[in-house]
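# A look at the structure
Residue-level listing of the chains:
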Protein chains: 2
Amino acid sequence: LSKLYARQARPSPSSSNKVTVFEQEHFQGKCLEFTSECCNIQECGLDNIRSIRVESGAWVGFEHHDFQGQQFILERGEYPHWDAYSGSLSYHVERLMSLRPIYCSHQSSRMIIFEKENFMGRSVEICDDYPSLQAMGWMMPEVGSMHVQCGAFVCYQYPGYRGQQYIMECERHSGDYQHCRNWGSHCQTPQIQSIRRIQH
Amino acid sequence: LSKLYARQARPSPSSSNKVTVFEQEHFQGKCLEFTSECCNIQECGLDNIRSIRVESGAWVGFEHHDFQGQQFILERGEYPHWDAYSGSLSYHVERLMSLRPIYCSHQSSRMIIFEKENFMGRSVEICDDYPSLQAMGWMMPEVGSMHVQCGAFVCYQYPGYRGQQYIMECERHSGDYQHCRNWGSHCQTPQIQSIRRIQH
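Residues numbered from 1 in each chain as written. Chains lettered and ligands numbered in written order. Predicted model: local features only at pLDDT ≥ 70, side-chain atom pairs only at ≥ 80, totals over all residues. Heavy atoms only, no water.

- By the naming in an unreviewed UniProt entry, chain A is Beta/gamma crystallin 'Greek key' domain-containing protein, taken from Anabas testudineus.
- Per UniProt, chain A has the following entry under Function (unreviewed entry): "Crystallins are the dominant structural components of the vertebrate eye lens."
- Of the comments in the UniProt record for chain A, the one headed Sequence similarities (unreviewed entry) reads "Belongs to the beta/gamma-crystallin family." (UniProt positions renumbered as here; feature names shortened; annotations may be inferred.)

In structure tokens:
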């Protein structure tokens, strides 16, 4: 009986990122390998993406080109049926049109969440995974603003890591997310009820 | 600046469980409160559930009555639009027809996953949250069987806690899940790529 690597003591927290995307399900058909961002998969010669193999790093996929629309984290592993997988995301993601690595140079992740926009109101520090913020003492179903001090997080609309996803990174926007308008181009509500760290 | 409760040092790991379900969205209309299992919400007088408020504990919801079909964890928080929330689950959950609390008397959760059915083949111990099993050293996208030693877990088909969900509890089936047929009445594949603990 062996142990999996502990999440805080991973063997190689390297900066390598590699993903292979396929035009057909089950890793068939035309494919492309990326080690850095792609702002438009059609301009790279792929009509559509139907399966994905994330070989290293963590990635963000976007509904539209140029990193617009719904966003969703892609972690190391196999996604043999894009249609089925996207059915498990929030409600209107029909295509994956652009993607980029999530830069996460810190071993630890830490951020502060605020009750109101512009870093006002009650605040608490987050440095763990919280499948239910309310169960942990944050009594409202919304977050007004966030400041990522190190690392990266995924914030979710519903408890249990469901619903709309927003990727929050220290190394983008200086880690400042003043208002839900900054969380992503599709964000319409400050509702956030679960948060977890992104680790490679 | 305060801290949220650490996940391992929650204020009251009590056994209290309470959920309120509503016939209309946004916590409107006829409602029912449960503190223990309900095997058929229609027999309790509710045609449908359109919003949910989990006030304490963690619950499992099921697609069909008598705890059959797709299962999904419901953690403390607000689910104002069932339709939107269920759109973020796996692909065919149209209704929530039965639900029960998840019993989780241990502060810690620990289980062993096995490469093959009937607890055969390579095995590793799990006692943390793993958004990508492959990133942590489990090199295949499947799990053959599982034994929960204490606590409870949710296992997911895809990385990042997406896709089909299976609730695994120490206090059911003696914690033994020999084959994917035992994981739930809808389970068709041993594909499991992320696992997390359930904590109240």
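### Here's the deal with the side chain of Glu23 of chain B
Residues and elements named next belong to chain B.
- By the secondary structure assignment, Glu23 is in strand 2 (residues 18-24).
- The buried charged residue Glu23 lacks any salt bridge partner; its closest oppositely charged side chain belongs to Lys30, at an N-O distance of 5.1 Å.
- Among the polar contacts listed, one links the side chain of Glu23 to the backbone nitrogen of Asp47, at a separation of 2.8 Å.
- Apart from residues no more than four positions distant in its own chain, Glu23 is found in contact with Gln28, Lys30, Gly45, Leu46, Asp47, Asn48 and Arg50. (Helix = DSSP H or I, 4+ residues; strand = E, 2+ residues; numbered from the N terminus. Buried < 20%, exposed > 50% of the residue type's maximum accessible area, 1.4 Å probe, protein only. Lys, Arg positive; Asp, Glu negative; His and termini not counted. Salt bridge = Lys/Arg side-chain N within 4 Å of Asp/Glu carboxyl O. Polar contact = N/O pair within 3.5 Å; in protein donor to acceptor, adjacent residues only side chain to side chain. Contact = heavy atoms within 4.5 Å.)

### Looking at the UniProt feature "domain: Beta/gamma crystallin 'Greek key'" (unreviewed entry) in chain A
All names here are of chain A.
- The sites that carry the UniProt feature "domain: Beta/gamma crystallin 'Greek key'" (unreviewed entry) are, in the present numbering, residues 17-56, 57-103 and 109-150.
- Annotated as 0% helix and 50% strand, the span residues 17-56 places its first and last C-alpha atoms 5 Å apart.
- Annotated as residues 109-150, this span is 0% helix and 48% strand, and its ends, taken at the C-alpha atoms, are 5 Å apart.

### Section: the sheet that holds strand 6 (residues 68-74) of chain B
Residue and element names in this part refer to chain B.
- Strand order in this open sheet of three strands is 6-5-8, and the pairing throughout is antiparallel. Looking at strand neighbours, the two that pair on one side only are strand 6 and strand 8 (98-101), the edges of this open sheet. Averaged over all pairs of adjacent strands, the angle between strand axes in this sheet comes to 25°, irrespective of strand direction.
- Summarising the sheet, strand 5 (residues 59-64) and strand 6 pair through five bridges and their orientation is antiparallel. Looking across to strand 6, one finds that Phe62 is bridged to Gln71. (Pairing = 2+ DSSP bridges. Axes fitted to C-alpha atoms, helices over the stretch in contact; angles between N-to-C directions.)

### With respect to the packing of aromatic side chains
- Evaluation of the coordinates by the stated rule reveals 15 aromatic pairs over all chains.
- Here a set of aromatic residues connected by ring pairs shows up, and it is made of Tyr156 and Tyr161 of chain A together with Tyr156 and Tyr161 of chain B.
- Here the guanidinium or amino end of Arg53 of chain A rests over the ring plane of Phe27 of chain A, the centre of that ring lying 4.2 Å away.
- Above the face of the Tyr161 of chain A ring, Arg196 of chain A is positioned so that its terminal group lies 5.9 Å from the ring centre. (Phe/Tyr/Trp six-rings, centres within 6.5 Å; stacked < 30°, edge-to-face > 60°. Lys NZ or Arg CZ within 6 Å of the ring centre and 35° of its normal.)

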